[in-house]
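Chain residues, written in single-letter form:
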Amino acid sequence: MPPEPIRVLIVDDHPVVRDGLRGMFDRSDDIQVVGEAADGREAVDRALALGPDVVLMDLRMPRTDGVSAIRELAARNSTAKVLVLTTYDTDSDVLPAIEAGASGYLLKDASPAELQRAIRTAHEGGTVLAPSVASLLMDQIRRPAPSTGPLSERELEVLALIAKGRNNREAAKELFISEATVKTHLMHVYAKLEVNDRAAAVAAAYERGLLQPKGR
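Residues numbered from 1 in each chain as written. Predicted model: local features only at pLDDT ≥ 70, side-chain atom pairs only at ≥ 80, totals over all residues. Heavy atoms only, no water.

Taking an unreviewed UniProt entry as the reference, the protein chain is identified by name as Response regulator belonging to Glycomyces rhizosphaerae.

Given below as structure tokens:
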């Protein structure tokens, strides 16, 4: 028997875009469109009801945006892989989507073949990034971590979870961010506290009063 087709939910506020994507996938042997949604709120409801393998998610939509929908799906323990398909590739769009848990990020100028390959890759657990998005993320990685200044609110949240014994994966799940983002925050913490590992960071945080010992 042939393998089951990959079940896809299309999320975009423009009906013509949804129709075009559905028509394209209708010609595919291994991709099946199981539903559509016009905004992030509807996307969450449809995803939880239909259980798609992959959610093809636009970002800028009315009522609830794509990033909020991705976070909500993670919070609701959805197993669907989210593949962003949007027009925008700026820092303010890409980074929140990746941090929220998107499995890939493509632009709407992608060819049908590229889009179908991306859906297959996301379904298999891989990551697909448009070239401009990959370059942006590489630039972010290459930027030196801030070595001075107070810890940010998010850095303190990560450090507090590490102090409670959480590993990176557990901290990522509790904060609804990716493991890579947790690692980045920890690198910033190490630089700011002038330490080299997790235990030293926690100890330094207690010494400086950034974390309160249990019982206080």
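Structure shown, so let's carry the discussion forward.
Trainee: Help me understand the pairing of strand β2 (residues 31-37) in this model?
Mentor: Each regular strand shows side chains that alternate between the opposite faces of the sheet. Within β2, 5 of the 7 residues are buried, which leaves it mostly tucked inside the rest of the structure. Pairing of strand β1 (residues 6-11) with β2, which is carried by 6 bridges, proceeds in the parallel orientation. Within β2, the residue paired with Ile-6 across the bridge is Ile-31. As for the winding sense of the linkage, the β-α-β connection from β1 through helix α1 (residues 15-26) to β2 is right-handed. (Buried < 20%, exposed > 50% of the residue type's maximum accessible area, 1.4 Å probe, protein only. Helix = DSSP H or I, 4+ residues; strand = E, 2+ residues; numbered from the N terminus. Pairing = 2+ DSSP bridges. Right-handed = clockwise from strand over helix to strand, strands pointing away.)

Trainee: Help me understand the UniProt feature "modified residue: 4-aspartylphosphate" (unreviewed entry) in the protein chain, please; the structure alone is not making it clear to me.
Mentor: This chain's UniProt record puts "modified residue: 4-aspartylphosphate" (unreviewed entry) on Asp-58. Assessed through its relative accessible area of 4%, Asp-58 is described here as buried. Not counting the four nearest positions on each side in its chain, Asp-58 is found in contact with Val-11, Asp-12, Asp-13, Gly-66, Leu-85, Thr-86 and Lys-108. (UniProt positions renumbered as here; feature names shortened; annotations may be inferred. Contact = heavy atoms within 4.5 Å.)

Trainee: Sorry if this is basic, but what is going on with the sheet that holds strand β4 (residues 81-86) here?
Mentor: Whenever strands of a sheet pair, they do so through backbone hydrogen bonds, lying parallel or antiparallel. Strand order in this open sheet of 6 strands is β2-β1-β3-β4-β5-β6, and the pairing throughout is parallel. Unpaired on one side and paired on the other, β2 and β6 (128-129) mark the two borders of the sheet. Direction of pairing for β4 relative to strand β5 (residues 104-107): parallel, over a ladder of 4 bridges. What sits directly across from Thr-86, in β5, is Leu-107. Contacts from helix α2 (residues 40-50) reach β1, β2 and β3 (54-57) within the one sheet, and its direction differs from that of β2 by about 135°. The strands touched by helix α3 (residues 66-75) within the sheet are β3 and β4, with β3 carrying the most contacts at an inclination of about 160°. (Axes fitted to C-alpha atoms, helices over the stretch in contact; angles between N-to-C directions.)

Trainee: Sorry if this is basic, but what is going on with unusual backbone geometry here?
Mentor: A negative phi angle is the norm for most residues apart from glycine, just as the trans form is the norm for most peptide bonds. In this structure, Arg-63 takes a positive phi of about 65° despite not being glycine. Mapped onto the elements, Arg-63 comes out in the loop between β3 and α3. For Arg-63, a relative accessible area of 68% corresponds to the exposed category. You will see that Asn-77, though not glycine, has its phi angle at about 60°, which is positive. Tracing the chain through its elements places Asn-77 in the loop between α3 and β4. Judged by its relative accessible area of 57%, Asn-77 is exposed.

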